Every structure is written in structure tokens, then in C-alpha cells.
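Close look at the chain arrangement
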Amino acid sequence: MSKYILSLLRFYIARRRVCLKSETPALTALRTLPSVNCHSGPDVLQLREQKETPKKQVTKRPKKERLPCQPVLDCFDQQYSQELGDLWEPARAVLLDPHSWQYGVMLNRFSTVTGITQILQSQGFSTLLPQTDDSALLPNGSSTTSDSKHKAEDSLLLSDNISKCHPNDSHLQPDSTSHVLSQDPQPEPSLSLSGTTLQCYIHPYLLRFPSQAHRPGQLKHYYLLNAASLLPVLALQVKDGEKVLDLCSAPGGKALAIMQCATPALLCCNEPDPHRRDWLAKTLESFLPRSLISSVIVSAQDGRSFGQSEAGTYDKVLVDAPCSNDRSWLYSGSSQQGVQRLRERARLPALQAQLLRSALSAVRPGGVVVYSTCTLSSSENCAVVKTVLKDCPEGVPEDLWEEIAIPLSKYFTFHPANPGHGHTPHKPALQPQNSTSSSYRHRLGILVVPQPGKTWGPMFLSRIRRRQ
């Protein structure tokens, strides 16, 4: 077993000792939530072996609660109450409670993850997507070896730790009375979502797995993320040997997810901003082996120019566009910063449309472009898609409702993201309607709306195929 896994086991065993002494402080520690960007996991938590100090107690200052930016919240209330109807109030409650936000654990198939998988399963995590072959997680025949006696003891300790540190408090349970789609009978996942090598573990309660620090020369075992950010990658349906462009790649979470799904002949990760590009390069270095250097490249082009410089080059293009990030914008540092961001918001749809047009030019005839954002705003979502489709008749939108929304409605609350849709009924139907207008509404894209018990999102995704 690797040194990191052993360190992780020691971390949980030490936490169990704390729990046995006093359940309340341990529960508070487990609920501590660091700041988060919607495209990536929480800030790095260093895992350190804890030395026992029975005679000396250290009292830590409680972290100051983050307060929402009132101008941004007022703007959201005005816009989203109209666009989302009954879904907005519970979504608002989730966005205003960062301690309720859930995180997925995406495993790295290029490292040995058996020990991590055992720890996750012992804590009650389960896989988001169906798997057909666990051996796919261990490339090149790698495996882990450990003493079975110690493994059993560690699993027992971890299991006991969960029961001691996580009593059945009502606020830790998924909210069965909230507006969620899981109340309907859940169909089996569609064929397109089964058998993938992408492994993401999620927890039904608000339990957070600690993240790993960057270690030069060593691959990380997993990546923490908002699980809804995997949906655009699943919609892309990348296959081995394809040429793929990640047009707005930093900080790199979706690029990593692409590499967990398949082994493309080329993955071009583009990021024009130098600071974000350094972040992207560090992320790729932490998760991908050196053997993939020749097939995974980092580009610094303006994304709006790809359609001219590399027309028809790629099989698949992901446009995870810059957007008014609802989760982070709601917690702008000051009212002045919030007002400035709201001014910038009005200019974003024009930029997003330029990026999407560029992507449609960069993809080959018959290829696919997936457009995504992490905002609920219809002006940056379906309105952008409609604008570009009017200008690019070669683009054909594809319905993702039956492919993604229905199979995964157990975990996410989906909404047919249609501008001007107005007030929604209390419970939108899972099955798409037969009318032409409803079908077109679904083809424009789908939206993941955060809800109690399903706090994933916001995430909008739309898939467009370029005509042959």
C-alpha cells in the first residue's frame, strides 16, 4: 500500500480517537468547508500525521462564515424566480448554504487506486456511473498489495469512525420532501453511460473526502469536483484515437475527466490566460503519466481564433465557457466587486457565442461540440445556443434528455433550460413531450439545478453536431 494511503488511514484512525473523546468537535471538523471554485474541488487540505498532546490543548478560532453579496443575490432573485419558477427557492437555499454542498471523488485510472476505493466504500461512498470492469482502473496491470489483517482492522476502524462521527442527524440526510425528481421510478442507465472507465464516487450525506496536495513526480489518486461538471464530458462521448479540443480548459478538471473516459490520439487543452494556464499544467502533471505527454498538449490561443487556425481539425470539441459562476459570484468579496461582476455579466453572452462559433468551425463535419456553463442564467445558456444556431446552419442540436437526464435523475435535478420558459410546474415531467416545441426545448440543452439533497450544479450542457 502506498505511503499516501497509509497516511490517509492514519488520518481517519486519529479522527476516530477524537470522535470517541468528543463527538461534537469531530462532527464540526468533518463539516468544515474550504472555499471552492465551481470547476474544481476545495482548496488543498494537507494530510498530516497527528501527534498526541494529552497535556496541551489547542483551541482554534472558528472560521468566519462567508456572507452573500447582496447586489448579486438581488439580481439572482429577480432573474431566476422568473426563469426557474418553483425551483428557485430551494436552489437559492442551497446556494446560500455552502456547508450543504456535495463533492464527488473522481478516481485517477493512471494511478493505483485500490486502497482509496476500499476507504471510500467503507465510508458509504458509491459510484455515480455503472462499471463493467474494475480492472480498467488499474492500467498496465498494476495492483496493490497489503497485509489482509491490517486491511481488515483499518476497514473496521473506518466503519466505526463513520458511525461515531456521523449520527443520524436530520440535516445530514438527503431531503426526501424537497423538489427532487428521484421520487419517480428510476430507469436503468442508458447504454451510452454504461461500461465507462470514468469512476466518480459520491456520498448520500454531506461527507467530504480530504483532497491531496500536489507532489512533484507523483500522480494523485483522485480529484474532488462538483459531480455535475462530469456531465458535459459524458455528453461528448470521447472514444479512443479521436482528436479532442478542450477550448477553455483551466483549471483542468474536465480535461482529466476526458482522459478517464478514453485515450484520445490528441487532447489539446487551450487556455490563453498565463496564470490559469500554469494552474492547468500543474493539474495535468499531477494526474497524467509522462507517457501521455506527446498526446496531451497545452495551447495558449485565443479560443475565438481556433475556428480559423484549425478549421475542421477535431472530432470532438468541449466549450466549457467563461460564465457568471453563480456559486462564486454570490460570495463576491464586496458589494463593489459584485456590482462590477454584474456589469461584466452583460458582455459574457457575446464572448460565449464567439467561442461556440469557433468550436463549430474547428470540429470536422460529423463531429460534435458540447457547450457548457456553471450558471443558471438562460441568457448565457440556451440563448447563446439559439443565437449560434441561427448563424451556423451546419449545426444540429441533439437531445440529451433521454441520454443523460433520465438515467441520472436519481442524483441530479434536471430542468429543460429554455429561455422564456417562465414559471415551471412544481414537478417537471421526466419524459420529454411529443410536441415539436417541447422536443426543440430539450434539444437546446439541459440544466442541473441545485436542490436540497441533490446540491450538484449549476451546470448547463448542450450538444451540437456539425452536419456532414
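Residues numbered from 1 in each chain as written. Predicted model: local features only at pLDDT ≥ 70, side-chain atom pairs only at ≥ 80, totals over all residues. Heavy atoms only, no water.

Some details on the confidence of the model for the protein chain
Per-residue confidence for the protein chain averages 78 on the pLDDT scale, and 67% of its residues sit at or above 70. Taken together, the stretch residues 18-58 has pLDDT below 50 and engages in 73 contacts with residues farther than four places along the chain or on a different chain. pLDDT under 50 marks residues 134-189. Its contacts with residues more than four places away, or in other chains, come to 103 contacts. (pLDDT = per-residue confidence, 0-100. Contact = heavy atoms within 4.5 Å.)

Some thoughts on helix H9 (residues 274-287)
Along its 14 residues, H9 runs 20 Å from first to last C-alpha, staying within 8% of the 20 Å computed at 1.5 Å per residue. If you check which residues of H9 are buried, you get Leu280, Thr283, Leu284, Ser286 and Phe287. Buried residues of H9 fall within an arc of 160 degrees about the axis and therefore sit on the same side. Counted as exposed and oriented over 90 degrees from the buried face of H9: His275 and Asp278. Two or three places before His275, at the start of H9, stands the capping residue Asp273, its side-chain oxygen 3.2 Å from that residue's backbone nitrogen. (Helix = DSSP H or I, 4+ residues; strand = E, 2+ residues; numbered from the N terminus. Expected span 1.5 Å × (residues − 1). Buried < 20%, exposed > 50% of the residue type's maximum accessible area, 1.4 Å probe, protein only. Arc of directions from axis to C-beta. Polar contact = N/O pair within 3.5 Å; in protein donor to acceptor, adjacent residues only side chain to side chain.)

Remarks on the packing of helix H13 (residues 348-362) against helix H14 (residues 382-391)
Packing of H13 against H14 leaves a shortest axis separation of 9 Å and a crossing angle of 50 degrees. Comparing their axes, H14 and H13 come out oblique. Crossing angle aside, the handedness with which H13 passes H14 is right-handed. For the pair formed by H13 and H14, the contact residues are Pro349, Gln352, Ala353, Leu356, Arg357 and Leu360 on the first element and Val384, Val385, Thr387, Val388 and Asp391 on the second. Partitioned by chemical class, the residues of the contact of H13 with H14 number seven nonpolar, two polar and two charged. (Axes fitted to C-alpha atoms, helices over the stretch in contact; angles between N-to-C directions. Parallel < 35°, antiparallel > 145°, perpendicular 65-115°, else oblique. Left-handed = near helix turned anticlockwise from the far one by under 90°. Nonpolar A, V, L, I, M, F, W, Y, C, P; charged D, E, K, R; others polar.)

Regarding the layout of surface pockets
Estimates place the volume of the second largest pocket at around 650 Å³. If you go around the second largest pocket, you meet 28 residues; those closest to its centre are Arg276, Ala321, Pro322, Cys323 and Leu348. Going through the elements one at a time, H9, helix H11 (326-329), helix H12 (335-345) and H13 are the ones with two or more residues in the lining of the second largest pocket. Here the lining of the second largest pocket takes three residues from H13, the largest share from any one element. Its residues placed into classes, the lining of the second largest pocket shows 14 nonpolar, six polar and eight charged. (1 Å grid on protein atoms, 1.4 Å probe; cavity = no way out; pocket = protein on both sides within 12 Å on 5 of 7 lines; lining within 4 Å. Points joined across faces, edges and corners; volume = space filled by probe spheres on them.)

A look at unusual backbone geometry
Omega for the bond connecting Ala250 with Pro251 falls within 30 degrees of zero, at 5 degrees, which places this linkage in the cis form. Structurally, Pro251 is set in the loop between strand E5 (243-246) and helix H8 (253-261). A cis geometry characterises the amide bond from Gly457 onward to Pro458, with omega recorded as 0 degrees. Considering the arrangement of structural elements, one finds Pro458 in the loop between strand E12 (446-448) and strand E13 (459-466). Its identity is not glycine, yet Gln237 carries a phi of approximately 55 degrees, on the positive side. Secondary-structure assignment places Gln237 in the loop between helix H7 (231-236) and E5.

Structural notes on the sheet that holds strand E3 (residues 200-202)
The sheet built from four strands is open, its strands ordered E2-E3-E1-E4 with antiparallel pairing. Both edges of this open sheet fall to strand E2 (126-127) and strand E4 (222-225), since each of them pairs with a single strand only. Of the strand pairs in this sheet, E2 and E3 are connected by two bridges, and their pairing is antiparallel. Its bridge partner being in E3, Thr127 is matched across the sheet by Tyr201. Those strands touched by H8 are strand E1 (104-107) and E4, and its axis lies near 50 degrees from that of E1. (Pairing = 2+ DSSP bridges.)

Some points on the packing of aromatic side chains
Aromatic rings considered in pairs are described by the distance between their centres and by the relative angle of their planes. Taken as a whole and assessed by the stated rule, the structure comprises nine aromatic pairs. A ring pair is formed by Trp101 and Tyr331, whose centres lie 6.3 Å apart and whose planes are at 70 degrees; its orientation type is edge-to-face. A residue pair is termed long-range when its members are at least 10 positions apart, and Trp101 in the loop between helix H4 (88-95) and E1 and Tyr331 in the loop between H11 and H12 qualify at 230 residues. Exposure class is identical for Trp101 and Tyr331. Each is buried. Relative to Phe209, the ring of Phe125 lies with its centre 5.9 Å away and its plane at 75 degrees, an arrangement referred to as edge-to-face. In this pair, Phe125 sits in the loop between helix H5 (114-122) and E2 while Phe209 sits in the loop between E3 and E4, placing the two residues 84 residues apart along the sequence. Assigned by exposure class, Phe125 and Phe209 land together as buried. By way of ring pairs, the aromatic residues Phe76, Tyr80 and Trp88 are connected into one cluster. Sitting above the plane of the Tyr331 ring, Arg66 keeps its charged end 4.8 Å from the centroid. (Phe/Tyr/Trp six-rings, centres within 6.5 Å; stacked < 30°, edge-to-face > 60°. Lys NZ or Arg CZ within 6 Å of the ring centre and 35° of its normal.)

Side note on the nonpolar core
Leu128, Leu231, Ile404, Leu408, Phe412 and Phe414 are the most contacted members of the largest nonpolar core, which totals 53 residues. Once you skip the residues sitting within four places of it in the chain, Phe412 turns out to touch Leu128, Ala227, Ala228, Leu231, Val448, Lys454 and Trp456. By size, the runner-up hydrophobic cluster in this structure holds 49 residues, among which are Trp329, Val363, Tyr371 and Leu389. (Core = buried A, V, L, I, M, F, W, Y, C linked by side-chain atoms within 4.5 Å.)

Things to note about the pairing of E5
Direction of pairing for E5 relative to strand E6 (residues 266-270): parallel, over a ladder of four bridges. Its bridge partner lying in E6, Val244 is registered against Leu267. Handedness of the E5-H8-E6 crossover: right-handed. By the bridge criterion, three bridges tie E5 to strand E8 (residues 314-320) in an arrangement that is parallel. The partner of Leu245 across the bridge, within E8, is Val317. (Right-handed = clockwise from strand over helix to strand, strands pointing away.)

A few points about the pattern of salt bridges
Where charged atoms from two side chains of opposite charge approach closely, those side chains can pair. Applying the stated criterion to the full structure yields 12 salt bridges. Between Arg304 and Asp302 there is a salt bridge, with its nearest N and O atoms 2.8 Å apart. A residue is classified by how much of its surface remains accessible, and Asp302, at 34% relative accessible area, is partly exposed. The salt bridge involving Glu403 is made with Arg463; its shortest N-O contact spans 2.7 Å. You can see Glu403 sitting in helix H15 (residues 401-405) and its partner Arg463 sitting in strand E13, a full 60 residues away along the chain. Taken as a pair, Glu403 and Arg463 share a single burial class, namely buried. One salt-bridge network, held together by shared partners, links Glu398, Glu403, Arg463 and Arg465. (Salt bridge = Lys/Arg side-chain N within 4 Å of Asp/Glu carboxyl O.)

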